[in-house]
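Spelled out from the first residue to the last, the chains are:
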Amino acid sequence: MRKMNKQIRLAVMLLVLVLLTACGKTDNNTSKEKPTGMPAVTTPEQEPPVTPTGIPATPTPTETPTPTEIPATPTPTEVPATPTPTGFQAPEKGCAIDIPTGERYHYDMDLKLDTDKNTVVGHVVFTFWNDSTDVWDKLCMRDYSSLFTDGKTVGYDPKEVKADAAMTEITGILDGRDGSALTFERDTDVSVLWLALSKPLAPNEKMTLTYDFTAKIPNLADRYGYYDGIYNVTSFYPVLAEYVNGAWSHEKFVISGECFYSEIADFDVRITVPEGFLVASSGTESSKQTVNGTTTYTLKAPCVRSFVFCASDCFAAADGTYDGVRINVYYNGKNPPADKMDECVKVTLQCAKDSLEAFGQAFGRYPYEELDIIYAPIAAGGMEYPNLIIITSEYCEPIERGPEEDPKLSYEGMEICVAHEIGHQWFMGIVGSNSGLEPWMDESLTSYTERVYEDYVGFDNGLVLPMDQYSAEILRETLLDSWIDAGHLPLNRSCYEYAKEYQYIASIYETGRRAFKLLEDSVGTETWYGILREYVRRNAFKNATAKDFLDVFYEAVPEDNTEAYMIVGKIFDLSRIPEYAGK
Ligand SMILES: [Zn+2]
């Protein structure tokens, strides 16, 4: 998600300005506000996040259990090639990220979008195994779509969604091992379902769970909702929760963070929509058949964390390719008229190509066949899903530029948002994490990817400090201390630890990317990108924790680089990471 608030950005920039003034000189380079052209994005009024019962205030770093029988570690085809003085070897720039072979969790889904009732009806056959060393006598499933029965939970005035929401109906739950019917209980958090197994599931034992569901789609301009003729259908099917360190992970959904946390899986999906509807999805279309007024799309989505789709009978589409990746842009072709969108779509396609090139070089090449970009009503501004991103159509209103100004800045706000959501394909999609407990692992790293894009296309990213004017070490330390004093650091806190949404955004989005820039300066750009590529290589298609990031950092950076170690110690609260406490 990209929820950049201009006031917060200004506040952070002002803080830099004040600090530099205190150092004796102000430099316009650091205080320059970027002409982002960001449209005002509505942030719903929200109650302060409350630490939910059962969720520890201090996140416990976890190790994701690796199944002993299931191949999960991708084998890099390219040999690490960039040695550093420490002997650390990073994968070379632009290395391949191969989708691993071997069996994965598998969802086979038949879905029907009912545009009269505004529901999605599904029949799911889900095959998985116990990937822990414990015996499971129950399963935890997450049903996020039912959260819309309480508008407050999803960031709205309850009256806005109550009339249009309903709890997801789930029926016909069968255990494929013996055909036994299973029942479930909803927790007080209605998104948490507990399924009692009549026969326990042993470590590495496989089972198939069959179920039917009907999920109501609310009338909202949101990541899950229909509005202005477009259906955004995400997090709509009951999904198995993660089992980590001997317990089911079922963190409370918080609108500021995504709180999506799931295992990589393969998806075979058939979606039936009214004739005339176009479907964009996480998958690649293998066939499309129209019979008796309905069209059925047959789709495959290998090795992704979730399956989502958007559908509309007013979609227009354009496409391009980059390095074998097909890029599709979908937008409302009727409102505004399609020709008004031509320039925006053209810039979007170029932005997507540039992002794939810049991020592919920096972190390893995008491993999937397709990337879909959907312009749709979405209050958050932008939202990321595997192989599909949703961007507010407000971004297609160009900012007027004078004859002396650079015309490419007209869509800068859109470009940064598109690049940000594409950046999530690496930090959320390829490398997963618990976005509720460790939001920096997706949002701070992804906010940092904005800089990679900005550097690639030549935007001023406002992150370059006037190092020639001051002692770099003193400046970095002063800035970091000021961020600590302001409560923006450490980064490794859960989203439940921020009393206000703006504090979360200032910390995780703004300070995070700036802090990583300081870290980059202290280790050198080549080493920094090597660290990120190696972090992605080691954790591709798994769920990572802070420890996994620091493992690579400490291997790559020589101990005599005391400044880099100082910066890491200020960015992170190492006492929360047992393996690195006291480092
Ligand atoms: Zn984001």
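Residues numbered from 1 in each chain as written. Predicted model: local features only at pLDDT ≥ 70, side-chain atom pairs only at ≥ 80, totals over all residues. Heavy atoms only, no water.

Applying the stated criterion to the full structure yields 1 disulfide. Covalent S-S linkage joins C344 and C396, the inter-sulfur distance amounting to 1.8 Å. Disulfide C344 to C396: torsion about the S-S bond roughly -60°, handedness left-handed. Of this pair, C344 sits in helix α4 (residues 342–363) while C396 sits in the loop between β25 (388–392) and α5 (412–423), placing them 52 residues apart in sequence. (Disulfide = S-S within 2.5 Å. Helix = DSSP H or I, 4+ residues; strand = E, 2+ residues; numbered from the N terminus.)

A few words on the sheet that holds strand β20 (residues 309–312). Strands sit in the order β11-β12-β20-β17 across an open sheet of 4 strands; the sheet is antiparallel. Of all the strands in the sheet, the pair left with one neighbour each is β11 (225–227) and β17 (278–281). Here the average twist between neighbouring strands, direction ignored, is 15°. Direction of pairing for strand β12 (residues 230–233) relative to β20: antiparallel, over a ladder of 4 bridges. When the sheet's bridge partners are listed, V233 is paired in β20 with F309. (Pairing = 2+ DSSP bridges. Axes fitted to C-alpha atoms, helices over the stretch in contact; angles between N-to-C directions.)

What follows deals with the coordination of the zinc ion. The coordination sphere of the zinc ion, as far as protein atoms go, consists of M1 (N), M1 (O), H420 (NE2), H424 (NE2), E443 (OE) and E443 (OE), spread over 2.0 to 2.7 Å. For the zinc ion, the 6 donor atoms are set out with angles of 54 to 157° between them, so the coordination reads as irregular. (Donors = N, O, S within 2.8 Å, 3.2 Å for Na, K, Ca; no water. Tetrahedral: all angles 85-135°; square planar, octahedral: opposite > 155°, others 65-115°.)

Helices that pack against each other are described as a pair by the angle of their axes relative to one another and the distance between those axes. Interhelical geometry of helix α9 (residues 525–539) versus helix α10 (residues 546–556) gives an angle of 135° and a closest axis separation of 9 Å. Considering the angle they form, α9 stands oblique to α10. The hand of the α9/α10 crossing is right-handed. Residues T527, W528, I531, L532, E534, Y535, R538 and N539 of α9 form the contact with α10, whose participating residues are D548, F549, D551, V552, F553, E555 and A556. Here the contact of α9 with α10 is built from residues that sort into 8 nonpolar, 2 polar and 5 charged. (Parallel < 35°, antiparallel > 145°, perpendicular 65-115°, else oblique. Left-handed = near helix turned anticlockwise from the far one by under 90°. Contact = heavy atoms within 4.5 Å. Nonpolar A, V, L, I, M, F, W, Y, C, P; charged D, E, K, R; others polar.)

By size, the foremost hydrophobic cluster in this structure holds 177 residues, and its most contacted members are Y107, F307 and W426. Top contributing element to this core by residue count: α4, with 11 residues. Beyond its immediate stretch of four places on either side in the chain, F307 contacts M109, L111, F236, Y237, F267, V269, I271, S281, S282, G283, L299 and A301. (Core = buried A, V, L, I, M, F, W, Y, C linked by side-chain atoms within 4.5 Å. Buried < 20%, exposed > 50% of the residue type's maximum accessible area, 1.4 Å probe, protein only.)

Below, the discussion takes up the sheet that holds strand β24 (residues 382–385). The mixed open sheet is built from 5 strands, whose spatial order is β21-β22-β23-β25-β24. Here the strands that pair on one side only, and so sit at the sheet edges, are β21 (315–322) and β24. Taking the axes of each pair of neighbouring strands and ignoring which way they run, one obtains an average angle of 15° across the sheet. Pairing of β21 with strand β22 (residues 325–332), which is carried by 8 bridges, proceeds in the antiparallel orientation. Each bridged residue has a counterpart across the sheet, and for T321 the counterpart in β22 is R326. Each of β21, β22 and β23 (370–376) is contacted by α4, which is oriented at about 145° to β22, the strand it contacts most.

Now for the packing of aromatic side chains. Under the definition given, this model contains 44 aromatic pairs. Relative to F549, the ring of W528 has its centre 6.4 Å away and its plane inclined at 75°; by these criteria the two rings are edge-to-face. Here W528 is found in helix α9, whereas its partner F549 is found in helix α10, with 21 residues between them in sequence. Summarising the burial analysis for this pair, W528 and F549 share the class buried. (Phe/Tyr/Trp six-rings, centres within 6.5 Å; stacked < 30°, edge-to-face > 60°.)

Within the element layout of this structure, S146 appears in the loop between β5 (136–142) and α3 (158–162). Taking the relative accessible area as the measure of exposure, S146 reaches 0% and is therefore buried. When sequence neighbours within four positions are dropped, the list of residues in contact with S146 reads A166, M167, T168, R186 and V190.

End to end, α4 covers 31 Å across 22 residues, agreeing with the expected 32 Å (1.5 Å per residue, within 8%). One or two positions beyond α4, positive phi appears at G364, with a value near 110°. (Expected span 1.5 Å × (residues − 1).)

The next point concerns the pairing of β23. Along β23, 7 of the 7 residues are buried, which leaves the element largely enclosed by surrounding structure. Covered by surrounding structure in β23 are E370, D372, I374 and A376 together with L371, I373 and Y375, the residues of both alternating faces. The pairing of β22 with β23 spans 5 bridges and is parallel. In the sheet register, I327 faces β23, and the bridge partner there is L371.

Mean pLDDT over the protein stands at 85; residues scoring 70 or higher make up 82%. Counting contacts from residues 4–77, a segment whose pLDDT is below 50, to residues more than four positions away or on other chains yields 145 contacts. (pLDDT = per-residue confidence, 0-100.)

Here the focus is unusual backbone geometry. Residue L489 is joined to P490 through a cis peptide bond whose omega torsion reads 5°. Among the structural elements, P490 can be located in the loop between α7 (472–485) and α8 (501–523). If you check the backbone angles, N292 has positive phi at about 50° while not being a glycine. Assignment of secondary structure puts N292 in the loop between β18 (284–291) and β19 (294–304). Its identity as a non-glycine residue notwithstanding, M428 has a phi of 150°, on the positive side. Structurally, M428 can be placed in the loop between α5 and α6 (443–457). For M428, a relative accessible area of 15% translates into the label buried.

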